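Below are the chains, spelled out letter by letter.
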Amino acid sequence: LIGYVLLGQKQAAPDIVGKDIAGRPFSLAQWRGHPVYIDFWATSCPGCVAEMPRLAALYQRYHAQGFELVAVATSDDDANAVSRFASEHRLPFTVVVDGSGAMAHAFGDVRLTPTAWLIDKNGNIVQQYIGDPDFAALGKLIVANLPG
């Protein structure tokens, strides 16, 4: 399943809060002023696993300019499996496990993985992606939303 939805009017992204897999607290609001890509994924999702190296490359390309990326593992994923995967694949971005499902619920009850959103520096949703994003187009949107 590949697709995306363009949103005509600006919609504020929900502020999700929690702890990353290293136990550090985070909130989406802490990155206000920066574009953020929120990716809901699962270690059991072949498409999700396959896109992780491309997400890591995207993060490494734009992070120094203010881009943030959060990979949210779904509530049915095993926290230990997520931590192992992140470590083995040296994921450079924030990885969290949505143990209660509250983060998926805040984003409209995410059920398909990967599902992602690009959020602008003002905290508004720019675009939603279901399935693999067009990485070239995503890169252009990230650049257009970088601070400065």
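First things first, this report covers the structure right here in the doc. (Residues numbered from 1 in each chain as written. Predicted model: local features only at pLDDT ≥ 70, side-chain atom pairs only at ≥ 80, totals over all residues. Heavy atoms only, no water.)

1. Here's the deal with the packing of helix α1 (residues 46-62) against helix α4 (residues 135-144)
So, point 1. The interhelical angle for the contact between α1 and α4, taken along N-to-C directions, is 30 degrees, at an axis separation of 11 Å. When the axis of α1 is compared with that of α4, the two are roughly parallel. Pair α1 / α4 crosses with right-handed handedness. Between α1 and α4, the residues in contact are Glu51, Arg54, Leu55, Leu58 and Tyr62 and Phe135, Leu138, Gly139, Ile142 and Val143, respectively.
So, point 2. For the contact of α1 with α4, the class distribution of residues is seven nonpolar, one polar and two charged. (Axes fitted to C-alpha atoms, helices over the stretch in contact; angles between N-to-C directions. Helix = DSSP H or I, 4+ residues; strand = E, 2+ residues; numbered from the N terminus. Parallel < 35°, antiparallel > 145°, perpendicular 65-115°, else oblique. Left-handed = near helix turned anticlockwise from the far one by under 90°. Contact = heavy atoms within 4.5 Å. Nonpolar A, V, L, I, M, F, W, Y, C, P; charged D, E, K, R; others polar.)

2. Regarding the pairing of strand β7 (residues 115-119)
Regular strands have side chains that alternate between both faces of the sheet.
So, point 1. Most of β7 sits out of view: five of its five residues are buried.
So, point 2. Burial along β7 is two-sided: Thr115, Trp117 and Ile119 facing one way and Ala116 and Leu118 facing the other are all buried.
So, point 3. By the bridge criterion, five bridges tie strand β4 (residues 36-41) to β7 in an arrangement that is antiparallel. Across the sheet, the residue bridging to Ile38 is Trp117, located in β7.
So, point 4. In this antiparallel pair of consecutive strands, β7 and strand β8 (residues 124-130), the connection spans four residues, and Gly123 shows a positive phi of 85 degrees. (Buried < 20%, exposed > 50% of the residue type's maximum accessible area, 1.4 Å probe, protein only. Pairing = 2+ DSSP bridges.)

3. Some points on the pairing of strand β5 (residues 68-73)
So, point 1. Buried residues dominate β5, accounting for six of its six residues.
So, point 2. Residues of β5 alternate between two faces, with Glu68, Val70 and Val72 on one and Leu69, Ala71 and Ala73 on the opposite face, all of them buried.
So, point 3. Taken together, the six bridges between β4 and β5 define a ladder with parallel strand orientation. Along β5, the bridge assignment pairs Ile38 with Val70.

4. Some details on the environment of Thr74
So, point 1. Its location among the elements puts Thr74 in the loop between β5 and α2 (79-88).
So, point 2. Taking C-alpha positions, Thr74 is 22 Å from Ala57, a pair spaced 17 residues apart along the chain.
So, point 3. Within the structure, the side chain of Thr74 is placed 2.6 Å from the side chain of Asp76, a separation counted as a polar contact. (Polar contact = N/O pair within 3.5 Å; in protein donor to acceptor, adjacent residues only side chain to side chain.)

5. Concerning the environment of Ala81
So, point 1. Within the secondary structure layout, Ala81 lies in helix α2.
So, point 2. Its relative accessible area of 19% is what places Ala81 among the buried residues.
So, point 3. Taking the C-alpha atoms as reference points, Ala81 and Ser44, separated by 37 residues in sequence, lie 9.6 Å from one another.

6. Notes on the nonpolar core
So, point 1. By size, the foremost hydrophobic cluster in this structure holds 29 residues, and its most contacted members are Tyr37, Trp41, Phe67 and Phe93.
So, point 2. If you list the elements that add at least two residues to this core, you get β4, α1, β5, α2, β7, β8 and α4.
So, point 3. Examining the composition of this core, we find that seven residues originate from one element, α1, more than from any other.
So, point 4. Not counting chain neighbours up to four residues away, the residues in contact with Phe67 comprise Pro35, Tyr37, Leu58, Tyr59, Tyr62, Leu118, Ile142 and Leu146.
So, point 5. Counting residues in hydrophobic clusters, the runner-up holds 18 residues, among them Ala13, Ile38, Val72 and Met103. (Core = buried A, V, L, I, M, F, W, Y, C linked by side-chain atoms within 4.5 Å.)

7. Some details on unusual backbone geometry
So, point 1. Cis peptide bonds are those with omega within 30 degrees of zero, and the linkage from Thr113 to Pro114 qualifies with -10 degrees.
So, point 2. Tracing the chain through its elements places Pro114 in the loop between α3 (102-106) and β7.
So, point 3. Look at Arg90: it is not a glycine, yet its phi comes out positive at around 50 degrees.
So, point 4. If you trace the backbone, Arg90 turns up in the loop between α2 and β6 (94-97).
So, point 5. Its identity as a non-glycine residue notwithstanding, Asp109 has a phi of 60 degrees, on the positive side.

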